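# Tertiary structure, described
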Amino acid sequence: MNGRLSRRTVLRGLGVSMALPWLECMTPRAAAAARVIGGGGAAAGAAPVRLAFVFMPNGVNYEAWAPVKAAGAFGLSPTLKPLEAVRSHVNVITGLTLQNARANGDGPGDHARSSASFLTGQQARKTAGNDIRNGVSIDQVAAASLGAQTRLPSLELGCEHGPAAGNCDSGYSCAYTSNISWRDASTPVPKIVDPALAFERLFGDATQAAAAAERLSRRKSVLDFVLAETQSLEASLGSHDRRKLDQYQTSVREIEQRIERARRESDAPKAPDVPAPAGIPERISEHMDLLFDMLLLAFQTDTTRVSTLMLAVDGSNRTFPEIGIRDGHHHLSHHQGNHEMIEKIRRIDRFHVERFARFVQRLAETPEGEGTLLDNSLVLFGGGISDGNRHNHEDLPILLAGRGGGVETGRLIENPRETPLCNLYLSMLERAGCPRENFGDSTGPLALS
Amino acid sequence: MRMCRRSLFWFGCLCAGAAVLLGLGGLADPQPALVQPRPAAVASPDQQPRPDQDAHEAELDQRFQEVIGPLLKKHCHECHAADGIKGEMGMERIVDVRSAQSSGVDLRLLREMLSTGEMPPDTRPGPTEHERLLAAQWLDAVIAYVPPDAPIDPGWMTPHRLNRTEYRLTLRDLLGIDPRRIDLSQRLPRDDTGYGFDNIADVLTTSPLAVEEYLAAAEKAVELALGPEVEIGDNPKPLKALKGDNGQPLPRGGVFLYSAGAARGEYVAPVEGQYIIRVRAWETPAGDERARLGLRVDGEQVTWFEVAAQRDEPGEYTVSVRLKAGERRISAHFLNDYYVRDKADRNLGIERISVAGPVDEASVVRPWAWSKVFAPAAGANGDEAQARAVLGAFAARAYRRPATDEDVDALLRVYRAEREGGATHERAVRTGLTAALVSPRFLFRTIRHPDPANPAARYRLDAYELASRLSYFLWSSMPDEELFAAAADGSLLTDEGLSAQTRRMLKDPRSAALVENFAGQWLQLRNLDAIAIDRASYPDYDEQLREAMRREAEFFFGDLLAMDGSVLALISSDYTFVNERLARHYGIEGVTGNEFRRITLDAGSARGGVLTMGAVLTITSNPSRTSPVKRGLFVLDQILGTPPPPPPADIPPLEQAPGTGPEPSVREQLAAHTTMPGCAACHNRLDPIGLSFENFDAIGRWRESENGRPIDATGVLPGGVALSGVNDLKRVLSDRSDQFVETLTAKMLTYALGRGVEPFDRPAIRHIAVRTRANGDRLTALIESIVLSETFRTARGKELRR
């Protein structure tokens, strides 16, 4: 009990007040991992790189988004104005395309395709459910390498569940609009919407900590049983059906490995001394900020190094009463040239950028080692549709915050038109110390310094 | 680059390509009856299907008439018709679905040419991108089209993970955990939906997060269901830290009561049962009585003792009491203090209070599941035999079929591992039960393939597989004992047995799940929670109203089920269900109180049927205004089963739209559609339907005007039928009852099977719909017809698609 208390004391306060040099506070495994990973970092030396992917739905009004060229940096367009305070930490990246969000013969469904391919770079198979097929997403690729070092391989968050009935988009299953993170081609990784559940997933339920060891060993034996049962059940099934159970088996294995690791470390998750969230706040801004805070805590405590956050599902028709927007987002995005609707869309875009800017600010205010958490993070912000009225998938609105792996910030990075968004992902993987030859429709990494 | 190469290829192979495109054209004359153009009236817009057609085919024929036919004629016939420049090519043979299928034209190639833009050649203006898309969609549908008289293909059944609802209700029936009190599915990740439902096996995936939550939920379920683990017997446990009123601590623990007072402690009784309380006490004598000790539980005296024992040899005073579960306050009171200054002083020493028990199993009040789970062990000799009996019986219920030796051995291995690790017998049994709850045999419904290597092989579901399919369809939960019995004696495999069980189960309160989950998703009632109605525009819209709207629809559907009503009432009825709040919303007088009742509507009322329920009208609106397009789409999709293709991306600005003024009115905006050929084809159908609802605002309130302008709810359907208000629309829809029953069949079959219906399901749908119509369109007849269908009772494998 004393041990827990002292750890909590060290972790007191969230963000600004929290001096958490990760090296001092880290569990031994993370320290060991950091030594291995070190190569990617520059000034920060051994600190691990964190990757986050923040998804914004329905495209933007691109005229108001498009960065203004300025010497050596970017000029702030009306929509990017909220980045003022953090502009030196952010890159605006233009010219990127998500080729596989285009119809390519599949007809309508740009919203489903944009969320489905945003992190996978793949053409999602058009189906309302009987044959779901997409690809592994970039965060899960990263989690496969970086995830072994932390208690959670990755963390998936979102501010909206998505429709509970009806169709999502033009014959595409809601699995495509509700998820951006995909563990394999047919398995989306669901997101956590309630900040309270996110907190619990990160730091566990403190009341259960006492019986933890006994419980872990019991769970281990139950999961061994489940694996054996799955194999025996599969013997009586056809190959299609087996695939369904393979999914279950893979997930069970992952949990089993996590339990194994927890048993070896016999170290309860360290809950920072911040009040646990009470549930989903009424105001959208608070909900978003709280999930961003959870993400920050996850990175800060090195509970995970990879995360995704969906600000809403693609095609979302939510209203924004707190900024006086009483029409649905998707409805407004198809403004057909109406000035009043365009103005509302710009306000929504700016609102999203504000939330992101606040997060970047907090990362920049969170000390880590000799620098800040932001120095060791790469946070992508954007969506798979450029202009929500046109549903086009080139010139995507993309921002990249943080200097993880030595990325230089405060710049406008212009690319030739039709540069694959996946090229950026290649660079991010490289900076995070888990390089890959190719991903999705990539043709080669982007230069980020 | 790619386009160039392909185009070159095309030009190089023009002749060969043309031959392929035409396929058999010119070789054999396909059935003349089918290629003859039908009289225009037969397939004219929005007509009833012919007797040998189903609604789907009629719809495709209609779309051909309106859009595809003219398009092909304009862009292809010049070269590819029989009298065309390229000679004998016969594209004119395509006049509807059947003729397209039998024309000999290679429809796949035709689709490819059109959708890739390779044809017509660049030398002439081709169709727009959207037109190409419409043509490709039509051709896809025709290629996949299966006529209603084709043989029935039952399709596959993918291993079906219990979704959140099914998980919750199964735990209720398996372990008696009331989901209204404790909902263990709450933390499970949301299930994704497909085809409008959240029980589609192919869409229900399992992530690591889900596994973790299943594990935690299983542990909690076992503890909740069985109650805490208790040690039975005389096992005294001293109360810790006795506190005294009017007393002082004794050196060896306990309290010395020198005046009227008490020693108090707390004991947590794990369960309700019989316990023994022992008090170790002594007196310091004075006066002519012994000290009296009153024993109280939660402040109520249960007995008293005369304490004759002295300090050098304390006495033990024992009482057997019934304790309720939970924290009990136990106190020993000094009842007869006696004190004469410097002469006499009677005092009471309480050294220890201990509680033992529960002393025997018979006295213990166990939760419902306890006896259910442990009863099978009665008579088993020894721990392991008992574990085997308990786990075997539990597995049979949890896995929804008799447990095999293999099942039980696997669970017993978990039990043994626990025992070897030092767990008690009961603890180890509980772990075994937990394991069963995360076994794929519990979490998934599967069917055994007799011939796994051959996906085409067809087989009947065995009695237990059928029992589960039935119970999850009607109850969203596991079979009960009676259904298991019908599976065990094989009666479920007969038509009569299956019908009897279906009828019985529909009368059971558990069939509320069908209302909540089928109707809730078909009518999209569940989206009420998510829909962001703008409170500033509609201050009346609150939680109570929303709840009342949902309840109305559920009552209506539940009533059809209970009263054997006709599904046509869903289109139009002279009654509905309201409470005071909803009646006020609808402008209906004379309804007071919160409870729902059936009311008869005035003649001419626009209410009645589902389409004019507040719930449906709200779900199909935008946050601050109505959406005739969404309402039209709802009717075409959910009622008629003929959703139009989605709009193209990049809709060009409507002519009057750009400007600085406020958003144009809904009707103004829609009017622009009819002037644009790309929009008109679909919006001519959508808009008049949607506009006929305009007398209802975005939360379903009746209105005569909007922004000071009178409401115009008129329109003309393709084919010339004029609509003036929603009752006209209901009449048109009632005239198309065949089509509606087929649509409802397809939706319900989707839900019953847990997979999307495919083109090969059309014969089955047709068959079920015809049977339902022959039985008075009763909702129960529809359900029974589904259950008795080949599709529900048989299955084949599925090809693995990479």
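Residues numbered from 1 in each chain as written. Chains lettered and ligands numbered in written order. Predicted model: local features only at pLDDT ≥ 70, side-chain atom pairs only at ≥ 80, totals over all residues. Heavy atoms only, no water.

## Things to note about the overall build of chain B
Applicable threshold: Helix and strand assignments follow DSSP, with helices taken as H or I runs no shorter than four residues and strands as E runs no shorter than two, numbered in order from the N terminus. Atoms counted for the radius of gyration: C-alpha only. Globule rule: 2.2 Å times the number of residues to the power 0.38. Residue burial is assigned from relative accessible area. The probe radius is 1.4 Å, only protein chains are included, and a residue is buried under 20% of its type maximum, exposed over 50%, and partly exposed in between. The contact rule is simple, with two residues in contact once any of their heavy atoms fall within 4.5 Å. This count recognises Lys and Arg as positive and Asp and Glu as negative, with His and chain-terminal groups excluded. Taken as the charge location is NZ of Lys, CZ of Arg, CG of Asp or CD of Glu.
Per the secondary structure count, chain B includes 30 helices and 22 strands. A compact globule built from 802 residues should have a C-alpha radius of gyration of about 28 Å, whereas chain B, at 37 Å, is more than 25% larger. Overall, chain B is about 135 × 70 × 55 Å in size when its C-alpha atoms are taken along their principal axes. Going through the 802 residues of chain B one by one, you find that 57% of them count as buried. Put simply, of all contacts in chain B between residues at least 6 apart along the chain, 71% involve residues at least 24 apart. The averaged location of the 112 negative side-chain charges in chain B is 2 Å from the averaged location of its 97 positive side-chain charges.

## What about the overall build of chain A?
Here is the rule we go by: All accessible-area figures derive from a Shrake-Rupley calculation using a 1.4 Å probe, and residue coverage is judged against the displayed protein chains alone.
Within chain A, the regular secondary structure consists of 14 helices and 13 strands. Sorting the 449 residues of chain A into buried and exposed places 64% on the buried side. Put simply, 72% of the contacts in chain A that link residues at least 6 apart link residues at least 24 apart. As presented, chain A carries roughly 14,500 Å² of accessible surface, and 51% of it is formed by carbon and sulfur atoms.

## Comments concerning the packing of aromatic side chains
In this description, a pair of aromatic rings is defined by centroid distance and the angle of the planes. Note the following rule: The pairing test for Phe, Tyr and Trp rings, Trp by its six-membered ring, is centres within 6.5 Å, and the orientation test on the planes gives stacked under 30 degrees, edge-to-face over 60, and tilted for anything in between. Over a ring means this: the NZ of a Lys or the CZ of an Arg is within 6 Å of the ring centre and within 35 degrees of the ring normal.
Under the counting rule described, the total for this entry stands at 33 aromatic pairs over all chains. Among the aromatic side chains, those forming a connected cluster through ring pairs are Phe197(B), Phe473(B), Phe518(B), Trp522(B), Phe557(B), Phe740(B), Tyr751(B) and Phe792(B). The cationic tip of Arg355(A) hangs over the ring face of Phe351(A); the distance from NZ or CZ to the ring centre is 5.2 Å. The cationic tip of Arg598(B) hangs over the ring face of Tyr575(B); the distance from NZ or CZ to the ring centre is 3.8 Å.

## Looking at the packing of helix α27 (residues 737-753) of chain B against helix α29 (residues 779-788) of chain B
Residues and elements named next belong to chain B. Spelled out, the test is: Helix axes are fitted only over the stretch in contact, all axes being lines through C-alpha atoms; the angle between N-to-C directions runs from 0 to 180 degrees. If an angle is under 35 degrees, it is roughly parallel; if it is over 145, roughly antiparallel; if it lies from 65 to 115, roughly perpendicular; otherwise it is oblique. In this scheme, a crossing is called left-handed if the near helix is turned counterclockwise away from the far one by less than a right angle; it is called right-handed if the turn is clockwise.
Closest axis-to-axis distance for the α27/α29 pair is 10 Å, and the angle between their directions is 50°. It follows that α27 is oblique to α29 by the angle criterion. The crossing of α27 and α29 is right-handed. Taken together, the residues of α29 that come into contact with α27 (itself represented by Leu744, Thr745, Met748, Leu749 and Ala752) are Leu779, Leu782, Ile783 and Ile786.

## Considerations on the confidence of the model for chain A
Quick note on the threshold: pLDDT is a per-residue confidence score from the predictor, ranging from 0 to 100.
Overall, the predicted model of chain A reaches an average pLDDT of 85, with 86% of residues at or above 70. Counting interchain partners and residues more than four positions distant, the pLDDT-below-50 stretch residues 1-45 of chain A has 84 contacts.

## Some thoughts on the interface of chain A and chain B
Note the cut-off: What gets called buried area is simply the loss in accessible area from a 1.4 Å probe that two parts show on being joined, summed for both. Here, a salt bridge means any side-chain nitrogen of Lys or Arg that lies within 4 Å of a carboxyl oxygen of Asp or Glu. Contacts described as polar in this section are N or O atom pairs within 3.5 Å, which, within protein, must combine one atom able to donate a hydrogen with one able to accept it, while residues neighboring in sequence count only if both atoms come from side chains.
Facing 82 residues of chain A, the contacting portion of chain B comprises 88 residues. In total, chain A and chain B occlude about 7,300 Å² of area from one another, counting both sides; carbon and sulfur atoms represent 54% of this. Three residues, Asn130(A), Lys244(A) and Gln336(A), lead the burial of chain A against chain B; their summed loss comes to 11% of the area buried on that side. On the surface where chain A and chain B come into contact, there are 9 salt bridges. The shortest N-O distance in the salt bridge between Arg201(A) and Glu212(B) comes to 2.2 Å. On inspection of chain A and its partner chain B, the count reaches 34 residue pairs in polar contact (both at pLDDT 80 or more). Sort the elements by how many residues they give to the side of chain A that touches chain B and helix α10 (residues 239-265) of chain A lands first, with 15 residues.

## Brief notes about the nonpolar core
Selection criterion: Nonpolar cores are built from buried Ala, Val, Leu, Ile, Met, Phe, Trp, Tyr and Cys residues. Side-chain atoms within 4.5 Å join them into one set.
Counting 169 residues, the largest nonpolar core has Leu175(B), Leu437(B), Phe442(B), Phe473(B), Trp522(B), Leu570(B) and Ile783(B) as the members making the most contacts within it. Looking at this core, the element that brings in the most residues is helix α10 (residues 208-226) of chain B, giving 10 residues. Non-local contacts of Leu437(B), meaning those with residues more than four positions away in its chain, are made with Leu171(B), Leu174(B), Leu175(B), Ala218(B), Ala221(B), Val222(B), Phe394(B), Phe442(B) and Leu443(B). By size, the runner-up hydrophobic cluster in this structure holds 57 residues, among which are Val86(A), Leu202(A), Leu295(A) and Leu296(A).

## Observations concerning the pattern of salt bridges
Counted under the stated rule, the structure contains 90 salt bridges over all chains. Linking Arg219(A) and Glu219(B) is a salt bridge whose minimum nitrogen-to-oxygen distance equals 2.8 Å. Taken together, the positions of Arg219(A) in helix α9 (residues 212-234) and Glu219(B) in helix α10 put the pair across two chains. Judged by its relative accessible area of 10%, Arg219(A) falls in the buried class. By relative accessible area, which is 15% here, Glu219(B) ends up buried. Here Glu260(A) makes a salt bridge to Lys220(A), at a shortest N to O gap of 3.9 Å.

## Comments concerning unusual backbone geometry
Glycine aside, a negative phi is what most residues show, and trans is what most peptide bonds show. Residue and element names in this part refer to chain B. With omega at 0°, the peptide bond leading from Gly357 into Pro358 counts as cis. With respect to the helices and strands, the residue Pro358 is situated in the loop between β11 (344-356) and α11 (368-374). Positioned with a positive phi, Asp298 is a non-glycine residue whose angle comes to about 50°. Structurally, Asp298 can be placed in the loop between β6 (291-297) and β7 (300-307). With a phi close to 60°, Gln524 is a non-glycine residue in the positive phi region. Summarising the element assignment, Gln524 is placed in the loop between α19 (512-522) and α20 (543-562). Take Gln524: its relative accessible area is 13%, and that puts it in the buried class.

## Concerning the sheet that holds strand β1 (residues 50-55) of chain A
Residues and elements named next belong to chain A. Worth spelling out the cut-off: Following DSSP output, two strands are said to pair if at least two bridges run between them.
If you trace the 7 strands from one edge of the open sheet to the other, you get β5-β8-β1-β11-β12-β4-β13, paired in mixed fashion. The sheet is open, and its two borders are formed by β5 (155-158) and β13 (412-420), each paired with just one other strand. Each adjacent strand pair in this sheet contributes to an overall mean axis angle of 20°, direction not counted. In terms of strand pairing, strand β4 (residues 90-97) meets strand β12 (residues 398-401) through 4 bridges, oriented antiparallel. Note that in β12 the partner of Asn91 across the bridge is Leu400. Here helix α6 (residues 138-146) sits on the sheet in contact with β1, β5 and β8 (306-310), set at roughly 155° to β8.

## What about the pairing of β7(B)?
Within a regular strand, the side chains alternate between the two sheet faces. Residue and element names in this part refer to chain B. The pairing of β6 with β7 spans 7 bridges and is antiparallel. For Ala291, the partnering residue across the bridge sits in β7 and is Val307. In textbook terms, the turn of a hairpin is the stretch between consecutive antiparallel strands, and for β6 and β7 this stretch comprises 2 residues, one of which, Asp298, has a positive phi near 50°.

## Side note on the environment of Ser449(A)
All names here are of chain A. Topologically, Ser449 is positioned in the segment after α14 (421-431). Classification of Ser449 by relative accessible area gives partly exposed; the value is 47%. Each C-alpha atom of the pair Ser449 and Thr366 lies 23 Å from the other, and the pair is 83 residues apart in sequence. Ignoring any residue separated from it by four or fewer positions in sequence, one finds Ser449 in contact with Gly406, Glu408, Arg411 and Arg431.

## Quick notes on the side chain of Glu234(A)
All names here are of chain A. Within the secondary structure, Glu234 is located in helix α9. One buried charged side chain, Glu234, makes no salt bridge at all; its nearest oppositely charged neighbour is Arg242, positioned 5.4 Å away. Once you skip the residues sitting within four places of it in the chain, Glu234 turns out to touch Arg242, Leu245, Asp246 and Gln249.

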